[in-house]
Amino acid sequence: MSKIAFVFPGQGAQAVGMGRDAYSAHAGAKHIFDGADKALGYSLSSLIFDGPEEELKMTYHTQPALLTTSTAYLEVLREKGIQPDYTAGHSLGEYSALVASGVLSFEEAVRVVRARGEFMEQAVPNGRGVMAAVLGAERAALDELCRRISSEGNVVELANVNCPGQIVVSGTREGVQAVIERAKEAGAKRAIALDVSGPFHSSLMKTASEQLAHVLSDISLADAAVPVVANVTARPVSSPDEIRELLVRQVYSPVLWEDTIVWLIEQGTDTFYEIGSGSVLAGLIKKVDRSVKVISINSLEAALQAGL
């Protein structure tokens, strides 16, 4: 029997103006944007709709902005009566998945991800930690290369296992540069430095995870009404204690996105709704399996057309 998954994008998908169409024409979506402004105590919606882009790119703005945009489009989709069998999100997107699965209220989630963004931004001095995309390498070979370089004193680790042939590494500037220079040792075609503000999903983020653990310990989580496939394990999770633990580990652990999509397809998932800004996840999912259907809900029109 065919199944549906709702999937949500993470950092890097943001764009000035995202969600404005839904805010302008859909009461439920407007309520979400207004709720974010109220929960945070400043006009996040103005920053999302009008920029400036450099400000929106700050991690502590980007994370609540993407969560808010995804949840606004989710509100439109819910009115269509489309129900998922699973949810999942890429890195930050996991919080949108948790909102969609009823684990976290939107207002709680937007406050948590604002704090998460601040902790991640502060964990490593600006410029000391970076990330790079490695194309064409085998996972095991790239992992071994990272271990060799780390043993030489410059931390670098797998951060995002996105799809066959695309893995992001994260670590110190020197460690990531060494991977870029030596990528061919892992069979890679090339490696490209990414424009990010820190070494996300690496052990250098441990201090951020400890701060996040304190925030999450004060927040009430519900059992997942729809199973959420966690980044850390690429397996479904539903109990609040396990969800809380995995969210803490997620900050410094690799995002197993390829494994997540493979597992979902193995369960019979043949339709994915990518809900939020852009269509990055659609490309990654199609590289895992071209036969599945991926619908990008990145505009009000796309949301209104869904299911027709």
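Our subject is the structure that appears above.
Keep in mind the model is a prediction, meaning the values are calculated, not measured.

Asks: Looking at this structure, I do not really get unusual backbone geometry. What am I missing?
Replies: If a residue is not glycine, its phi is most likely negative; likewise, a peptide bond is most likely trans. Of the consecutive residues Gly-51 and Pro-52, the connecting peptide bond is found in the cis state with omega at 10 degrees. By the element assignment, Pro-52 lies in the loop between α3 (44-50) and α4 (53-56). Phi at Ser-91 is positive, roughly 60 degrees, even though this residue is not glycine. Structurally, the position occupied by Ser-91 is in the loop between β2 (86-89) and α6 (93-100). Judged by relative accessible area, which is 12%, Ser-91 ranks as buried. Of note, Ala-234 is a non-glycine position whose phi angle comes to about 60 degrees, a positive value. If you trace the backbone, Ala-234 turns up in the loop between β7 (228-229) and β8 (236-237).

Asks: Please clarify how the packing of helix α12 (residues 257-266) against helix α13 (residues 280-288) should be interpreted in this entry.
Replies: Helix packing geometry: the angle between the two helix axes and the distance between the axes. Relative to each other, α12 and α13 sit at 65 degrees, their axes nearing to 10 Å. Relative to α13, α12 is oriented so that their crossing is right-handed. Counted together, Trp-257, Glu-258, Ile-261, Val-262 and Ile-265 of α12 and Leu-281, Leu-284, Ile-285 and Val-288 of α13 form the full contact between these two elements. Each residue belonging to the contact of α12 with α13 can be placed in one class, and the counts come to 8 nonpolar, no polar and 1 charged.

Asks: Can you walk me through the environment of Ser-91 in this structure?
Replies: Taking C-alpha positions, Ser-91 is 9.0 Å from Pro-254, a pair spaced 163 residues apart along the chain. Ignoring any residue separated from it by four or fewer positions in sequence, one finds Ser-91 in contact with Arg-116, His-201, Asn-231, Gln-250 and Val-255.

Asks: Explain the pairing of strand β5 (residues 166-172) here, please?
Replies: Side-chain positions along a regular strand alternate between the two faces of the sheet. The element β5 is extensively covered by neighbouring structure, given that 7 of its 7 residues are classed as buried. In terms of strand pairing, strand β3 (residues 129-135) meets β5 through 7 bridges, oriented antiparallel. Each residue of the ladder has a partner; that of Met-131, found in β5, is Ser-170. Judged from the 6 bridges that link them, strand β4 (residues 156-163) and β5 form a sheet pairing that is antiparallel. Considered in β5, the bridge of Val-156 is made with Gly-171.

Asks: I'm lost on the pattern of salt bridges in this one. Help?
Replies: Where charged atoms from two side chains of opposite charge approach closely, those side chains can pair. For the coordinates displayed, the defined rule picks out 15 salt bridges. Its salt-bridge partner being Glu-185, residue Arg-148 comes within 2.9 Å of it at the nearest N-O pair. Linking Arg-148 in helix α8 (residues 139-151) with Glu-185 in the loop between α9 (173-182) and β6 (190-193), this pair joins segments that are 37 residues apart in sequence. Within this structure, Glu-144, Arg-148, Glu-152, Arg-182 and Glu-185 form a network of salt bridges that share partners.

Asks: Help me out: how do you make sense of the environment of Thr-62 in this one?
Replies: Within the fold, Thr-62 resides in helix α5 (residues 59-79). Classification of Thr-62 by relative accessible area gives buried; the value is 0%. Each C-alpha atom of the pair Thr-62 and Gly-187 lies 34 Å from the other, and the pair is 125 residues apart in sequence. Residue contacts for Thr-62: discarding those within four places in its chain leaves Gln-11, Gln-14, Leu-56, Lys-57 and Leu-92.

Asks: I keep staring at the nonpolar core and nothing clicks. Help me out?
Replies: Taken as a class, soluble globular proteins show a tendency for nonpolar side chains to be buried jointly. Core analysis: the biggest nonpolar cluster contains 71 residues, and Ile-275 and Ile-297 have the highest contact counts within it. When residues of this core are assigned to their parent elements, the largest contribution, 9 residues, is made by helix α7 (residues 106-123). Those residues in contact with Ile-275 that lie beyond four places of it in its chain are Phe-6, Val-7, Phe-8, Pro-9, Ser-70, Tyr-73, Leu-74, Leu-77 and Ile-297. Core analysis: the next-biggest nonpolar cluster, separate from the first, contains 22 residues, Ala-132, Leu-145, Val-161 and Ala-188 among them.

Asks: Explain the sheet that holds β3 here, please?
Replies: In any sheet, the strands associate via hydrogen bonds between backbone groups, in a parallel or an antiparallel arrangement. Read across the sheet, 4 strands follow the order β4-β5-β3-β6 without closing on themselves; strand pairing throughout is antiparallel. Either end of the sheet is taken by a strand with one partner, and the two such strands are β4 and β6. When strand polarity is set aside, the average angle formed by the axes of neighbouring strands in this sheet is 25 degrees.

Asks: What is the right way to look at the side chain of Ser-296 in this model?
Replies: Inspection of the secondary structure assignment puts Ser-296 in strand β10 (residues 293-297). Judged by its relative accessible area of 19%, Ser-296 is buried. At 3.0 Å, the side chain of Ser-296 and the side chain of Glu-274 are in polar contact. When near neighbours in sequence (up to four residues on either side) are disregarded, Ser-296 contacts Glu-274, Gly-278, Ser-279, Ala-282 and Ala-302.

Criteria and cut-off values
Residues numbered from 1 in each chain as written. Predicted model: local features only at pLDDT ≥ 70, side-chain atom pairs only at ≥ 80, totals over all residues. Heavy atoms only, no water. Helix = DSSP H or I, 4+ residues; strand = E, 2+ residues; numbered from the N terminus. Buried < 20%, exposed > 50% of the residue type's maximum accessible area, 1.4 Å probe, protein only. Axes fitted to C-alpha atoms, helices over the stretch in contact; angles between N-to-C directions. Left-handed = near helix turned anticlockwise from the far one by under 90°. Contact = heavy atoms within 4.5 Å. Nonpolar A, V, L, I, M, F, W, Y, C, P; charged D, E, K, R; others polar. Pairing = 2+ DSSP bridges. Salt bridge = Lys/Arg side-chain N within 4 Å of Asp/Glu carboxyl O. Core = buried A, V, L, I, M, F, W, Y, C linked by side-chain atoms within 4.5 Å. Polar contact = N/O pair within 3.5 Å; in protein donor to acceptor, adjacent residues only side chain to side chain.

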